[in-house]
Amino acid sequence: MAPDTTPQNRTRQSTPAAETGSVFDAVVDRRNGNSMKWASAHQFLTADEAAADPLPMWVADTDFKAPQAVIDALHQAVDYGVFGYPGGATDSYLDAVTGWQAKRFGWEVPREWVMQTAGIITTLKTVVQAFSAPGDSVLIQPPVYVHFHDDVLLNGRHLAFAPLQRTDDGYRFDASTFESAIRPDTKLFILRGHLIWGIR
């Protein structure tokens, strides 16, 4: 008898990273791991679409394991066994954040500029509410993450658009497009989801 390979019964064999040499090559079966990404097809798709078992590439949720250094640090915290309120960013955290910006972008970020938050979506809404008022506009550069569009509107603000220019090798910033998109009521500029800057 042939095995049942329908989407709900099909399983994938997990391949240990040690056999492949990279966490990116190790296959992790997440279908039975309470994964929003893999278990939500019935909420967003028709029955026929869900039956086709498409790859869920609609959310920024990776399917490879965290780096071993991260797993080790979590084990260390769990073994410590006390989960009280932290006293702010540690030196190693600040070194990692500022070091990445310097290495990746050549940008020397002062350590005092770094602020920890509970997550980008919550922070986005908080900043929009704190630094603009209903009816103000917020400048974004499409293509962007949907929350940088929808959550601005959800909070009663308007959008000003300075689209990035599509090129053969990606997207490019255009200064004239950016300048012309700024309106008298533009209070914030969201830079690709990494930073939020006040304009006025």
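As a starting point, this report considers the structure included with it.

What counts and what doesn't
- Residues numbered from 1 in each chain as written.
- Predicted model: local features only at pLDDT ≥ 70, side-chain atom pairs only at ≥ 80, totals over all residues.
- Heavy atoms only, no water.
- Axes fitted to C-alpha atoms, helices over the stretch in contact; angles between N-to-C directions.
- Helix = DSSP H or I, 4+ residues; strand = E, 2+ residues; numbered from the N terminus.
- Parallel < 35°, antiparallel > 145°, perpendicular 65-115°, else oblique.
- Left-handed = near helix turned anticlockwise from the far one by under 90°.
- Contact = heavy atoms within 4.5 Å.
- Nonpolar A, V, L, I, M, F, W, Y, C, P; charged D, E, K, R; others polar.
- Pairing = 2+ DSSP bridges.
- Right-handed = clockwise from strand over helix to strand, strands pointing away.
- Buried < 20%, exposed > 50% of the residue type's maximum accessible area, 1.4 Å probe, protein only.
- Core = buried A, V, L, I, M, F, W, Y, C linked by side-chain atoms within 4.5 Å.

## Points about the packing of helix α7 (residues 120–131) against helix α8 (residues 147–154)
- Contact geometry for α7 and α8: axes closest at 10 Å, N-to-C directions at 40°. Of the possible angle classes, the one that applies to α7 and α8 is oblique. Between α7 and α8 lies a crossing of right-handed hand. Contact residues: α7 offers I120, I121, L124, K125 and V128, while α8 offers H147, F148, D151, V152 and L154.
- Taken together, the residues of the contact of α7 with α8 break down into seven nonpolar, one polar and two charged.

## A look at the pairing of strand β2 (residues 158–161)
- The pairing of strand β1 (residues 137–140) with β2 spans four bridges and is classified as parallel. In the strand pairing of β2, V138 is matched with L159.
- At this point the chain moves from β1, through α8, to the parallel β2, and the crossover so formed is right-handed.

## Quick notes on the environment of D61
- Residue placement: D61 occurs in the loop between α4 (47–51) and α5 (68–80).
- A relative accessible area of 24% places D61 in the partly exposed class.
- Residues D61 and M36, 25 residues apart in the sequence, show an inter-C-alpha distance of 9.2 Å.
- If we ignore the near neighbours within four places in the chain, the residues touching D61 are R30, S35 and K37.

## Comments concerning the nonpolar core
- L124, V127, V128, V138, I140, F148, V152, L159, L188 and I190 together form the largest nonpolar core, which totals 10 residues.
- Those elements giving two or more residues to this core turn out to be α7, β1, α8 and β5 (186–191).

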